[in-house]
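For reference, the chains in residue letters:
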Amino acid sequence: MNINYELYKIFYITVKAGSMSNAAKELFTSQSAVSQSIKLLESKLGGQLFHRSAQGVSLTSEGKILFQYVEQSYELLQAAERKFVELKNLDAGELRIAVSTTACSNFLMQYLETYSLSYPNIEIYIKDQSTNTTIKQLESGEIDIGIINLNGKQDSLTVIGKIEIQDCFVVGERFKELCEIEISLTELVANYPINLLQKGLNTRNYIESVLASYQLKVTPKAELSTMELLIEFAKKGLGVSCVIKDFIHKDVDQKELFVVPIKEEIPKRYLSIAIKKNLPLTSAAQKFIELFQSCPI
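Since we're looking at a predicted model, the values are computed, not measured.

Caption draft 1: A look at the overall build of the protein. Looking only at helices and strands, the protein has 11 helices and 12 strands in total. Here the protein has a C-alpha radius of gyration of 32 Å; the compact-globule value for 297 residues is 19 Å, and the former is much larger. Its C-alpha atoms give the protein principal-axis dimensions of about 100 × 35 × 30 Å. Split into buried and exposed, the 297 residues of the protein put 41% on the buried side. Taking as baseline every contact in the protein between residues at least 6 positions apart, the subset at least 24 positions apart corresponds to 72%. Just so you have it, the protein exposes about 16600 Å², and 50% of that area is on carbon and sulfur atoms. Between the averaged position of the 32 positive side-chain charges in the protein and that of its 35 negative side-chain charges there is a distance of 5 Å.

Listed below in structure tokens is the structure:
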């Protein structure tokens, strides 16, 4: 049975208003138009909905049953419309982002702080996970935005921005003499204890590929789970740590860490800010992207 939603709306308002004339005023139309709509609905349903009198209208037994369902449906739709407006106006909603702990604390936090102050009613959910997991969740729609190490093209994703990364080697006071002259990667790897992230992590894979391009292979003194631990190991004199340069500005300024000048070039790499291709963004996600693009790192 194909019945226009508008007919049910007129039926609902007529019941609530108590008469067709009152319904006509609420709907900004004529009483005859309301009457014709009710008759059309009755015709399509095959039964009478109202008892009509000079005092107004009252529901038939069949009309009462129908109204119970129409009332629930109509009010649910009204609630849905209100919620839609709230989401559109960013008075409600959620933002779901997946990112590594390192990228969150060093790149993303400044945006999250600004965003939260601008849209305090938006719930922000952050997931700390691998690039492979993030890509799968972007593709399934479980998250809105992913910050990932994207090697090559991913047809299912759209990259909306990139974060430039420069890897470097750092030491604490104990190995400060390393910073006096340039040193080759060969000398560094052969003569000093090297600390790297754990195997399997993208940053570890990248630095190993750089070393391999110079026919070098390293056996780390320590393999750590986070960039923060690598920084602390270097500060405590527990070797030379390979870290991301943007993460250590404060430590270098305070002379707790020193960047080792390397003769060879360590090429820059990039983190990609990605969303699922052809998936409409929520208003909350769109506003975050606009913030990111208006104030790039």
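We are not done yet, so read on.
Caption draft 2: Inspection of helix α4 (residues 61-88) at higher detail. Taking 1.5 Å as the rise per residue, α4 with 28 residues should run 40 Å; its terminal C-alpha atoms sit 41 Å apart, in good agreement. Within α4, the full set of buried residues consists of Gly63, Leu66, Phe67, Val70 and Tyr74. Phi for Leu90, located one or two positions after α4, is positive at around 60°.

Caption draft 3: Broad picture of the packing of aromatic side chains. The tally for this structure, following the rule as stated, stands at 8 aromatic pairs. Summarising the aromatic geometry, the rings of Phe175 and Tyr192 are spaced 6.0 Å apart at their centres and angled 85° between planes, so their arrangement reads as edge-to-face. Taken together, the residues Phe175 in the loop between β7 (167-171) and α7 (185-191) and Tyr192 in the loop between α7 and β8 (194-197) connect sequence positions 17 residues apart. What links up through ring pairs into an aromatic cluster is the set Phe11, Tyr12, Phe50, Phe67 and Tyr74.

Caption draft 4: Structural view of the packing of helix α1 (residues 5-17) against α4. Packing of α1 against α4 brings their axes to within 10 Å, and their N-to-C directions diverge by 110°. With respect to α4, the axis of α1 lies roughly perpendicular. Facing Tyr5, Tyr8, Lys9, Phe11, Tyr12, Ile13, Val15 and Lys16 of α1, the residues of α4 in contact are Gly63, Leu66, Phe67, Val70, Glu71, Tyr74, Glu75 and Leu77.

Caption draft 5: Region of interest: the pattern of salt bridges. Evaluated as defined, the whole model comprises 11 salt bridges. Arg204 is the partner of Glu208 in a salt bridge, and the nearest nitrogen-oxygen pair spans 2.8 Å. Residue Glu208 and its partner Arg204 are located together in helix α8 (residues 202-213), separated by 4 residues, close to a single helical turn. Among the residues examined, Glu208 registers a relative accessible area of 24% and is labelled partly exposed. Note that Glu290 is salt-bridged to Lys287, the shortest N-O span being 3.5 Å. Placement of both Glu290 and Lys287 in helix α11 (residues 283-294) is noted, with a separation of 3 residues, approximately one turn of the helix. Residue Glu290 is classed as partly exposed on the basis of its relative accessible area, which comes to 36%. Counted as one network, the salt bridges with shared partners bring together Lys199, Arg204, Glu208 and Glu223.

Caption draft 6: Region of interest: the side chain of Thr60. Residue position: Thr60 is located in the loop between β2 (56-59) and α4. Among all residues touching Thr60, those that are not within four sequence positions of it are Gln48, Leu49, Phe50 and His51.

Caption draft 7: Expanded view of the nonpolar core. Ranked by size, the top nonpolar core spans 38 residues in total, and within it Leu95, Ile145, Met227, Val243 and Phe288 carry the most contacts. It is α11 that provides the largest number of residues to this core, a total of 6 residues. Dropping the residues within four chain positions of it, Leu95 is found in contact with Tyr115, Ile122, Glu123, Ile124, Tyr125, Asp144, Ile145, Ala284, Ala285 and Phe288. Judged by nonpolar contacts, the second largest core, of 22 residues, contains Val189, Leu196, Val210 and Val260.

Caption draft 8: Representation of the side chain of Arg269. Within the element layout of this structure, Arg269 appears in strand β12 (residues 269-276). Given a relative accessible area of 7%, Arg269 falls into the buried group. Of note is the side chain of Arg269, whose polar atom sits 3.4 Å from the side chain of Asn149. Residues within four places of Arg269 in sequence aside, it is in contact with Asn149, Ile163, Glu164, Ile165, Asp167, Thr203, Tyr206 and Ile244.

Caption draft 9: Geometry of the sheet that holds strand β11 (residues 258-259). Sheet architecture is open: 5 strands sit in the order β9-β8-β10-β7-β11, paired in mixed fashion. Every other strand in the sheet has two partners, leaving β9 (222-224) and β11 as the edge strands with one partner each. The pairing of β8 with strand β10 (residues 240-244) spans 2 bridges and is classified as parallel. Bridge pairing in β10 links Asn195 to Ser241. Along the sheet, helix α9 (residues 227-235) contacts β7, β8, β9 and β10; its crossing angle with β10, the most-contacted strand, is approximately 140°.

Calculation rules
- Residues numbered from 1 in each chain as written.
- Predicted model: local features only at pLDDT ≥ 70, side-chain atom pairs only at ≥ 80, totals over all residues.
- Heavy atoms only, no water.
- Helix = DSSP H or I, 4+ residues; strand = E, 2+ residues; numbered from the N terminus.
- Rg over C-alpha atoms; globule rule 2.2 N^0.38 Å.
- Buried < 20%, exposed > 50% of the residue type's maximum accessible area, 1.4 Å probe, protein only.
- Contact = heavy atoms within 4.5 Å.
- Areas by Shrake-Rupley, 256 points an atom, 1.4 Å probe, with all protein chains shown as cover.
- Lys, Arg positive; Asp, Glu negative; His and termini not counted.
- Charge placed at Lys NZ, Arg CZ, Asp CG, Glu CD.
- Expected span 1.5 Å × (residues − 1).
- Phe/Tyr/Trp six-rings, centres within 6.5 Å; stacked < 30°, edge-to-face > 60°.
- Axes fitted to C-alpha atoms, helices over the stretch in contact; angles between N-to-C directions.
- Parallel < 35°, antiparallel > 145°, perpendicular 65-115°, else oblique.
- Salt bridge = Lys/Arg side-chain N within 4 Å of Asp/Glu carboxyl O.
- Core = buried A, V, L, I, M, F, W, Y, C linked by side-chain atoms within 4.5 Å.
- Polar contact = N/O pair within 3.5 Å; in protein donor to acceptor, adjacent residues only side chain to side chain.
- Pairing = 2+ DSSP bridges.

Note that every value here comes from positions in space, so none of it alone points to a role or purpose.
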